[in-house]
Amino acid sequence: MAGLRRPGKPVANCGYARPMVSGVQMLAFMGVVLLAAMAPGPDFILVTRHGAVSGRRAGVAAGLGIASGVFVWAVVAAFGVASLLAASAIAFTIVKLIGAVYLAYLGIKALIGVWRHGKQATAEVKLATVRPLVAFRQGLVTNLLNPKCAALFVALMPQFLSNHPHTGETLLLSGLAVLVTGVWFSVLANLVGLLKRFFTSPRVRRVLDTVTGTILVAFGIKIALD
């Protein structure tokens, strides 16, 4: 009879659809990423320094650079590439040392500026600012050369993906990580940028450069020795 299947014949294509990430999982994932972004570290110091010295646009650009680095790490972690870095002691050490040198370079550059300007009269100090494109590049490179970010997403992403995740799930979580990181650092840059006039006074600027430069060098040494 037409429309009836023969008994015993399996029905084709009756498999279940792959589960998507639930709303609760997305909120939990965003919460973890936010806590990681808010933790004091090189990213926090970089955005704060650019927002205070060069203004909100530079601070936001640095934050967007960091968020772009987060997207890269989230994607490669989801596809298992970052796990190779986390599992390889040699590769991990190489990336770690390059990142440590880069942070130390940024810190020493700030300290040299303080030393040079310290020889001039306060009224004659010419305050150097950073263009948004440069701030974006520094944020991106700082994040990409942080192997701990790779290790974080290697441990984090599998907890929120199905056993056989498809591209949509991966891009969704990666996009959420970028959104949370970008929004947090944009808020931070705007808050700090409101006090730009205070931070760019020559005397305060020297103190700020000394403190942030020293912290960046300290982070570089800590990462190298960790």
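My aim in this report is to walk through the structure given alongside it, one point at a time. Because the structure is a prediction, the values reported are computed rather than measured.

## Quick look at empty space enclosed by the protein
Piece 1. Going through the model one piece at a time under the given rule, you end up with one cavity of 30 Å³ or more.
Piece 2. Within this model, the largest cavity holds a volume of roughly 60 Å³.
Piece 3. Pro-42, Lys-96, Gly-99, Ala-100, Tyr-102, Leu-103, Thr-142, Leu-145, Asn-146, Pro-147 and Ile-223 are the residues that line the largest cavity.
Piece 4. Per-element accounting of the lining of the largest cavity gives the leading share, five residues, to helix 5 (residues 89-117).
Piece 5. Of the residues contributing to the lining of the largest cavity, the split by class is seven nonpolar, three polar and one charged.

## Some points on the nonpolar core
Piece 1. Core analysis: the largest hydrophobic core is formed by 18 residues, its most contacted members being Phe-29, Val-33, Phe-153, Leu-156, Met-157, Leu-173 and Ala-177.
Piece 2. Put simply, the parts of the chain that give this core at least two residues each are helix 1 (23-38), helix 3 (56-78), helix 7 (147-160) and helix 8 (167-193).
Piece 3. The contacts of Phe-29, once residues within four sequence positions are left out, are Phe-153, Leu-156, Met-157, Phe-160, Leu-173, Leu-176 and Ala-177.
Piece 4. Grouped together as the second largest cluster of nonpolar side chains are 15 residues, Val-53, Ala-58, Ala-61 and Leu-208 included.

## A few points about the packing of aromatic side chains
Two numbers describe a pair of aromatic rings. These are the distance of the centres and the angle of the planes.
Piece 1. The tally for this structure, following the rule as stated, stands at one aromatic pair.
Piece 2. Arranged with centres 6.4 Å apart and planes meeting at 50°, the rings of Trp-184 and Phe-185 form a pair that is tilted.
Piece 3. For Trp-184, a relative accessible area of 18% corresponds to the buried category.
Piece 4. Overall, Phe-185 belongs to the buried group, its relative accessible area being 1%.

## Observations concerning the packing of helix 7 against helix 8
The angle between the axes and the distance between the axes are what describe a pair of packed helices.
Piece 1. Close contact between helix 7 and helix 8 brings their axes to 11 Å; oriented N to C, the two are set at 125°. Between helix 7 and helix 8, the angle falls in the class oblique. In this structure, helix 7 crosses over helix 8, and the sense of that crossing is right-handed. In contact with Phe-153, Met-157 and Phe-160 of helix 7, helix 8 contributes Thr-170, Leu-173, Ser-174 and Ala-177.
Piece 2. Taken together, the residues that form the contact of helix 7 with helix 8 break down as five nonpolar, two polar and no charged.

## Considering helix 6 (residues 132-144)
Piece 1. Helix length check: helix 6, at 13 residues, gives a terminal C-alpha distance of 18 Å against a target of 18 Å (1.5 Å per residue), a fit within 8%.
Piece 2. Here helix 6 has its buried residues at Val-134, Ala-135, Gln-138, Gly-139, Thr-142 and Asn-143. For helix 6, the angular spread of buried residues about the axis comes to 160°, placing them on one side.

## As for the side chain of Arg-49
Piece 1. Examined against the element boundaries, Arg-49 turns out to sit in helix 2 (residues 42-53).
Piece 2. Contact partners of Arg-49, with chain neighbours within four places excluded, come to Ser-54, Ala-110, Arg-205, Asp-209 and Thr-212.

## A look at a nonpolar patch on the surface
Piece 1. Among the surface-exposed residues, Leu-179, Val-183, Val-187, Leu-191, Leu-194, Leu-195 and Phe-198 lie close enough to one another that they form a single nonpolar patch of about 680 Å² accessible area.
Piece 2. In terms of residues, the nonpolar patch owes the most to one element, helix 8, which gives four residues.
Piece 3. In this fold, Leu-191 is placed in helix 8.
Piece 4. Owing to a relative accessible area of 53%, Leu-191 belongs among the exposed residues under this scheme.

Rules behind the numbers
- Residues numbered from 1 in each chain as written.
- Predicted model: local features only at pLDDT ≥ 70, side-chain atom pairs only at ≥ 80, totals over all residues.
- Heavy atoms only, no water.
- 1 Å grid on protein atoms, 1.4 Å probe; cavity = no way out; pocket = protein on both sides within 12 Å on 5 of 7 lines; lining within 4 Å.
- Points joined across faces, edges and corners; volume = space filled by probe spheres on them.
- Helix = DSSP H or I, 4+ residues; strand = E, 2+ residues; numbered from the N terminus.
- Nonpolar A, V, L, I, M, F, W, Y, C, P; charged D, E, K, R; others polar.
- Core = buried A, V, L, I, M, F, W, Y, C linked by side-chain atoms within 4.5 Å.
- Buried < 20%, exposed > 50% of the residue type's maximum accessible area, 1.4 Å probe, protein only.
- Contact = heavy atoms within 4.5 Å.
- Phe/Tyr/Trp six-rings, centres within 6.5 Å; stacked < 30°, edge-to-face > 60°.
- Axes fitted to C-alpha atoms, helices over the stretch in contact; angles between N-to-C directions.
- Parallel < 35°, antiparallel > 145°, perpendicular 65-115°, else oblique.
- Left-handed = near helix turned anticlockwise from the far one by under 90°.
- Expected span 1.5 Å × (residues − 1).
- Arc of directions from axis to C-beta.
- Patch = residues over 30% accessible without salt bridge, like charges linked within 9 Å, V, L, I, M, F, W, Y side chains within 5 Å.
- Areas by Shrake-Rupley, 256 points an atom, 1.4 Å probe, with all protein chains shown as cover.
- Salt bridge = Lys/Arg side-chain N within 4 Å of Asp/Glu carboxyl O.

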